[in-house]
Amino acid sequence: MMQVESRIETGPRTLPVSVHDVPAGLDRTAEIGDLWRILWRRRASVIWVTLLMATAALAYGLLTPALYTATAQILIDPRDRQVLTNDINPAMVAPDGGVTQVESQARVLESTSVLLRAAESAGLTTDPDFVEKGATGRFLDEVRAAIGWPAPAASATEKEERLLRTLRKRLAIRRADKVFVIDIVFTAKSAETSARVANAIAEAYLADQSEARAEASRRASASLTERLDAQRKQVREAEDKAEAYRAANSLVRSNGRLVGEQQLGEINVQLSAAQARTAELKARLDQIERARRNGVSPDAIAEATQSQVIGKLRAQYAELIERQADLRMQLGSRHPTLLSVTSQLDGVRGLIGAELSRLAQSARADYERALANERSLSTALSRLRNENAATNQASVTLRELEREVEASRAVYTSFLTRAREISERAGIDATNARIITRAIPPNEKSWPMPALFALFAGTAGLGLGTGLALVREYANPTLLSRRQFQALTGAPVIGTVPDGTRRRGRSARLGATRAREAAGGLALTRLLGIRSGTLGTATSIFVTSAAGDGTARRRISQLLASLGEARGMQVLMIEADMLGPEATPGLLDVLRGDEPLARVLRGGPNSSVRLLGVGRPKRGMNVGTGERGHDARARFIDEIGRRFDLVIWDGGAVTENPQAASLMPLADGVLLVARLGVTPQREVVEAVEAAALAGRPVGAGLLVDES
């Protein structure tokens, strides 16, 4: 395959493209930059889908009955109020911080008992909006009644189920993370109804919780009370068994203890005291005896110091000693008075010794009495020990029976206390839940929201329209880029010409015109390098297109002709589209030999480009056939080659022009015009196949960009 050169060379040049070079498959791929081209081409469907969905949403929002939403808030503390010690409903918080407990209470808010209580309180049991069938159900009932099969009257159970279903559908229980506040959100057709029902559900929940806890306390109290009779009987049987055993074994108790054990303990205490008393008296006696034997002063003996008699004698003895000393100094040692005082001292000393002897005898008597008492108590203790040994085995069994009595009595007392306590607790509400926000009638409706609906529907419609546009593009792909054109045709693209017809404003149109002329001039330069000598020294281009690109093809043909004229060339533009024959003589008449070329050529008022129309067809006569037709064809080719430098054949759609196959060999090359983002790839492939089958494959392509 040869490409079109941008420079004019001497000598003939052709663009051969064989049939097998034309790809058969469509290219359904698209680049990111091609998406805008696709959407722009199919913008009408995207806009209509968007408008349709937005209009439908807006109509729905305006025609749908309004709904109002009210919210009440309840604070649920997992820790109950500790009015009393509560084992029936413990206040311990769960390891997860009570969140699970609060979530469970959120489900309780949707329970049947709470909803029915709230419905009764709010007066919904007679509200047709909650207990009657909806519009669809009423319509079906009317249809059944019309055909003679009326629906049975709704029972109380059916109305209750319908009421609960409606409440649950309009109720929403919400809880934010890490908080114990539950939102009760209710939606109704009336603002007052929504607030009334939300508050009724909150109050019904509190009442239900209070009753549930009271009922749990009553059940626990009743269960304990039922066990009291059995516990009382068990205590009585244990006591009777212990008393019978005690009487059979003569185990008498006093102050909760056996008499033998009590006596043994008392005598043991007395014996210990007697032994201590005996030891004390023995020590005192020994002290007095030692003092008497050793001549110790009476002051060293505690009993002597405590005796009043000895105290008086010692005072008298001291006075006599003092007097003796005075007399000895005054009268001398042999004076009768001194001797009398000395005699008195001896008498007092004898009296003190006699008193000490009496104290010793008294101490001995006390010691002997204490010793006798000790021996008596020891004998009694030995006797009681011997007697108590015989009752030890019986006492072991008795203690077991008494422990059983105490255990039964403790259980009975605990049951009785708990039964009374739980029974009293049933009237105390320890639930730590309260309404922190009461619902108030909302001023604005919560549903529907026309503006928001329209916005979302428009966005969804835009996405849906875009998706439909892409699906349609995939089902029937259009030509999107040079790469696709070259892949589909196997021919090079010599240029891309902007359309510019949709530009507004003088400067925009002027810029588009300059761009068209620049792109067309470059394409013409490349086309002028094609010269095979078919029409002499003239360059002949056969311009064709797909069936739907007739307008773009004619504009490109006119552009190339005007650009050739601007270069000082003699330009002929031939209308070769046989689908639009004219009433005046033209190409068909010249090729049949009916008219000379000079007579049928036309020229514009302000242009030197000569125009050759299609001409007039004749039935039963083919163009260029027969001897006359061959001669006319030869004269036509010779005259064009001598008179013109550039010949532009506007050949129409190659797949629809019946004479394209016979006219295409007169051109140096075939130029296929296609519109980017508009021309279907299938039509491009069909045009390439038709040109190849006609023996003149497409040599180059020129794209028109309408974006």
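So, here is what we can say about the structure in this document. Please read all numbers here as calculations on a predicted model, not as lab measurements.

**Comments concerning the pattern of salt bridges**
Consideration 1: Following the criterion strictly, the structure yields 21 salt bridges and no others.
Consideration 2: Where Asp129 meets Lys189, a salt bridge forms, and the shortest distance between an N and an O atom there is 3.5 Å. Taken together, the positions of Asp129 in helix α5 (residues 128-131) and Lys189 in the loop between β3 (181-188) and α8 (191-248) put the pair 60 residues apart, joining distant regions of the chain.
Consideration 3: A relative accessible area of 27% places Asp129 in the partly exposed class.
Consideration 4: Assessed through its relative accessible area of 48%, Lys189 is described here as partly exposed.

**Quick notes on the side chain of Arg553**
Consideration 1: Assignment of secondary structure puts Arg553 in helix α16 (residues 550-566).
Consideration 2: Not counting residues up to four positions away in its chain, the partners in contact with Arg553 are Val543, Thr544, Ser545, Asp577, Asp650, Gly652, Ala653 and Val673.

**Focus: the pairing of strand β13 (residues 669-676)**
Consideration 1: Of all eight residues making up β13, eight are buried, and the element is well covered by its neighbours.
Consideration 2: In this sheet, β13 lies alongside strand β8 (residues 539-545) in parallel orientation, the contact comprising five bridges. Considered in β13, the bridge of Ser545 is made with Val673.
Consideration 3: Note that β13 and strand β14 (residues 700-705) share six bridges and pair parallel. Pairing of Arg675 across the sheet is with Val704, part of β14.
Consideration 4: In this fold, the crossover linking β13 to β14 by way of helix α21 (residues 681-693) has right-handed handedness.

**Some details on the side chain of Glu374**
Consideration 1: Mapped onto the fold, Glu374 is located in helix α12 (residues 336-425).
Consideration 2: Within the buried core, Glu374 has no salt-bridge partner, and the shortest N-O distance to an opposite charge, that of Arg375, equals 6.8 Å.
Consideration 3: Leave out the neighbours within four places in its chain, and Glu374 touches Leu271, Ala274, Gln275 and Thr278.

**A closer look at helix α4 (residues 112-122)**
Consideration 1: All of the buried residues along α4 are Val114, Leu115, Ala118, Ala119 and Ala122. The buried residues of α4 occupy an angular sector of 130 degrees when the element is viewed end-on, so they sit on one face. Residues of α4 that are exposed and angled more than 90 degrees away from the buried face: Glu120 and Ser121.
Consideration 2: The positive-phi residue at the C-terminal boundary of α4 is Gly123, with phi of around 75 degrees.

**Details of a nonpolar patch on the surface**
Consideration 1: There is a patch of nonpolar side chains on the surface, built from Tyr60, Trp447, Met449, Leu452, Leu455 and Phe456 and spanning about 570 Å² of accessible area.
Consideration 2: Among the elements that make up the nonpolar patch, the one with the highest residue count is helix α13 (residues 450-475) (three residues).
Consideration 3: Here Leu455 is to be found in helix α13.

**A word on the pairing of strand β2 (residues 171-175)**
Consideration 1: Burial along β2 is one-sided: Leu171, Ile173 and Arg175 are buried, while Ala172 and Arg174, pointing the other way, are not.
Consideration 2: Looking at chain direction, β2 and β3 are connected through five bridges and run antiparallel. Bridging across to β3, Arg174 finds its partner in Asp183.
Consideration 3: From the end of β2 to the start of β3, which pair antiparallel, there are five residues, and Lys178 there has a positive phi angle of about 65 degrees.

**Details of the sheet that holds strand β1 (residues 68-76)**
Consideration 1: If you walk across this open sheet you meet the four strands as β2-β3-β1-β6, and the pairing is antiparallel. Every interior strand has two partners, whereas the edge strands, β2 and β6 (433-437), have only one. The mean angle between the axes of side-by-side strands here comes to 30 degrees, regardless of whether they run parallel or antiparallel.
Consideration 2: Its contacts with the sheet put helix α3 (residues 99-108) on β1, β2 and β3, and the angle it makes with β2 is roughly 170 degrees.
Consideration 3: In the packing of α8 onto the sheet, contacts are made with β1, β2, β3 and β6, and the angle to β1 comes to roughly 20 degrees.

**Focus on the sheet that holds strand β10 (residues 602-603)**
Consideration 1: One open sheet accounts for eight strands, arranged β7-β14-β13-β8-β12-β9-β11-β10; its pairing is mixed. Sheet topology places β7 (493-498) and β10 at the edges, where each strand pairs with a single neighbour.
Consideration 2: Sitting on the sheet, helix α14 (residues 482-489) is in contact with β7, β13 and β14, with an inclination near 135 degrees to β7.

**Re the packing of aromatic side chains**
Consideration 1: In the structure shown here, the tally under the stated rule is two aromatic pairs.
Consideration 2: Arranged with centres 6.2 Å apart and planes meeting at 20 degrees, the rings of Phe130 and Phe186 form a pair that is stacked. Taken as a pair, Phe130 in helix α5 and Phe186 in strand β3 lie far apart in primary sequence, 56 residues in all. Assigned by exposure class, Phe130 and Phe186 land together as buried.
Consideration 3: When the ring of Phe636 is compared with that of Trp649, the centres are 6.2 Å apart and the planes differ by 75 degrees; the resulting orientation is edge-to-face. Of this pair, Phe636 sits in helix α19 (residues 626-643) while Trp649 sits in strand β12 (residues 646-653), and the two are 13 residues apart along the sequence. Across this residue pair, the class does not change: Phe636 and Trp649 are buried.
Consideration 4: A cation sits over an aromatic face here: Arg170 above Phe130, 4.9 Å from the ring centre.
Consideration 5: Residue placement shows Lys282 over the ring face of Tyr367; its charged tip is 6.0 Å from the ring centre.

**As for the packing of α14 against α21**
Consideration 1: Here α14 crosses α21 at 40 degrees, and the two axes come no closer than 9 Å. In terms of their interaxial angle, α14 and α21 are classed as oblique. Between α14 and α21 lies a crossing whose hand is right-handed. Each of Gln484, Leu488 and Thr489 in α14 lies in contact with α21, whose residues at this interface are Gln681, Val684, Val685 and Val688.

**Brief notes about the packing of helix α2 (residues 43-63) against α13**
Consideration 1: Between α2 and α13, whose axes approach to 7 Å, the crossing angle comes to 155 degrees. In terms of orientation, α2 lies roughly antiparallel with respect to α13. The crossing of α2 and α13 is right-handed.
Consideration 2: Looking at the contact of α2 with α13, its residues break down into 17 nonpolar, seven polar and one charged.

**Observations concerning the nonpolar core**
Consideration 1: Residues Ile574, Leu587, Leu612, Phe636, Trp649 and Leu663 are the most contacted members of the largest nonpolar core, which totals 43 residues.
Consideration 2: In terms of residue count, the dominant contributor to this core is α21 (five residues).
Consideration 3: Once residues within four sequence positions are removed from consideration, Leu612 is found in contact with Leu572, Met573, Ile574, Glu575, Gly586, Leu587, Leu597, Val600, Leu601 and Phe636.
Consideration 4: Judged by nonpolar contacts, the second largest core, of 34 residues, contains Ala72, Ala202, Tyr205 and Ala433.

Cut-offs and rules
- Residues numbered from 1 in each chain as written.
- Predicted model: local features only at pLDDT ≥ 70, side-chain atom pairs only at ≥ 80, totals over all residues.
- Heavy atoms only, no water.
- Salt bridge = Lys/Arg side-chain N within 4 Å of Asp/Glu carboxyl O.
- Helix = DSSP H or I, 4+ residues; strand = E, 2+ residues; numbered from the N terminus.
- Buried < 20%, exposed > 50% of the residue type's maximum accessible area, 1.4 Å probe, protein only.
- Contact = heavy atoms within 4.5 Å.
- Pairing = 2+ DSSP bridges.
- Right-handed = clockwise from strand over helix to strand, strands pointing away.
- Lys, Arg positive; Asp, Glu negative; His and termini not counted.
- Arc of directions from axis to C-beta.
- Patch = residues over 30% accessible without salt bridge, like charges linked within 9 Å, V, L, I, M, F, W, Y side chains within 5 Å.
- Areas by Shrake-Rupley, 256 points an atom, 1.4 Å probe, with all protein chains shown as cover.
- Axes fitted to C-alpha atoms, helices over the stretch in contact; angles between N-to-C directions.
- Phe/Tyr/Trp six-rings, centres within 6.5 Å; stacked < 30°, edge-to-face > 60°.
- Lys NZ or Arg CZ within 6 Å of the ring centre and 35° of its normal.
- Parallel < 35°, antiparallel > 145°, perpendicular 65-115°, else oblique.
- Left-handed = near helix turned anticlockwise from the far one by under 90°.
- Nonpolar A, V, L, I, M, F, W, Y, C, P; charged D, E, K, R; others polar.
- Core = buried A, V, L, I, M, F, W, Y, C linked by side-chain atoms within 4.5 Å.

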